[in-house]
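# Close look at the chain arrangement
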Amino acid sequence: MKAKILFLFILLTSLTSCRNDTENPEIAENIKIEDTEGFQDIEILFDESDFSDPVMKKLLLELKICTDDTLATLNSETPLCSAENFKFLPLREDISLKNGFILLVKANTGGFPLRRLLIFQRERGNLVKTNGFVANIIGRTKSKSGYDDLLLRFNDKDQGEDLFYNCLFTWQEGRYEYKQVEVIQGANWGGPVKQIYKDSISKEVYRDIMNNEMIF
């Protein structure tokens, strides 16, 4: 039996049922936490026209990932530095936005089809990317490290069907590291991964995520 088929067989026997996911990528990325305890629910809609803090645009220009040219469009190779394309979240309570932040990039920004999550910290005066994910942030919870544990949602496909992995990441040695998968959902099935299968399924999910270059 092929490894992928065996993985799905184990998966299907270890999940509880849940409601249908939407086929709209932007809405699907905003699905709230249903089966993970202890996490603050995060839902980001990119519905603000202006940044809440002027420093946000300055940070984007410092990173050189967008432009302040108002002629730029959503699908331009270098998109507009706009709150409609980029969303800032605090990295930790005692670090100012200028010195560290989580940056969520809207789907299709710069022509890239999915949401991306970038994490930056300032080192020796320069902003340094500690992590990059092709994923959406859907939850966070306090951690003893001072850096919240993050719940990230990855979109994969198997035989044309959309799969969503809700995965836990914890801060270790200056960056976020994958710990385990918490929830897996398909078109008409899914739910939390049972503890007895979590270690083996987490390894398979991590392998899929890495093969798809969703961590960079």
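A quick note: this is a predicted structure, and the numbers were derived from the prediction, not measured. Once a new chain begins, its residue numbering starts again from 1 and follows that chain's sequence as written. Restriction of local features to residues with pLDDT of at least 70 applies here, the model being predicted, together with a cutoff of 80 or more for giving and counting side-chain atom pairs; totals for whole chains, interfaces and linings are based on all residues. Processing note: side-chain calculations cover all non-hydrogen atoms of the structure and skip hydrogens and water entirely.

## Some words on the pairing of strand β4 (residues 116-123)
- With six bridges connecting them, strand β3 (residues 100-105) and β4 associate as antiparallel partners. Pairing of Leu 104 across the sheet is with Leu 117, part of β4.
- In the sheet, β4 pairs with strand β5 (residues 126-133) via seven bridges, with the strands oriented antiparallel. Considered in β5, the bridge of Leu 117 is made with Phe 133.
- Strands qualify as paired when DSSP identifies two bridges or more between them. Here a helix means four or more residues in a row that DSSP labels H or I, a strand means two or more in a row labelled E, and each is numbered from the N terminus. Between β4 and the antiparallel strand that follows it, β5, lie two residues; Arg 124 among them carries a positive phi value of about 55°.

## So, the nonpolar core
- The criterion is simple. A nonpolar core is a set of buried Ala, Val, Leu, Ile, Met, Phe, Trp, Tyr and Cys residues joined through side-chain atoms within 4.5 Å. Each residue's exposure class comes from its accessible area (1.4 Å probe, protein chains only) as a fraction of the maximum for that residue type: buried when under 20%, exposed when over 50%, partly exposed otherwise. By size, the foremost hydrophobic cluster in this structure holds 33 residues, and its most contacted members are Phe 133 and Phe 154.
- If you list the elements that add at least two residues to this core, you get β3, β4, β7 (149-158), β8 (161-172), β9 (175-185) and α4 (195-211).
- The biggest single contributor to this core is β8, with five residues.
- Counting 15 residues, the second largest nonpolar core, distinct from the first, contains Leu 59, Leu 63, Cys 81 and Phe 101.

## Let's talk about the sheet that holds strand β10 (residues 190-192)
- On the basis of which strands lie adjacent, the open sheet formed by six strands has the order β1-β6-β7-β8-β9-β10 and antiparallel pairing. Lying at the two open borders of the sheet, with one neighbouring strand each, are β1 (40-41) and β10.
- Pairing between strand β6 (residues 136-141) and β7: five bridges, direction antiparallel. In the sheet register, Ile 137 faces β7, and the bridge partner there is Leu 152.
- The contact criterion used is simple: two residues touch if any of their non-hydrogen atoms lie within 4.5 Å. Throughout, an axis means a line fitted to C-alpha atoms (over the contacting stretch in the case of helices), and angles, computed between N-to-C directions, take values from 0 to 180 degrees. Here α4 sits on the sheet and contacts β7, β8 and β9; the angle it forms with β9, its principal contact strand, is near 110°.

## Focus on the state of the cysteines
- Cysteine sulfur atoms that come within 2.5 Å of each other are treated as a disulfide pair. Taken as a whole and judged by the stated rule, the model has one disulfide.
- A sulfur-sulfur distance of 1.9 Å marks the disulfide that ties Cys 66 to Cys 81. Residues Cys 66 and Cys 81 are joined by a disulfide whose S-S torsion is about 100°; by sign, that bridge is right-handed. With a gap of 15 residues between them, Cys 66 in the loop between α3 (55-63) and β2 (86-90) and Cys 81 in the loop between α3 and β2 connect regions that are remote in the sequence. Side by side, Cys 66 and Cys 81 carry an identical accessibility label, which is buried.

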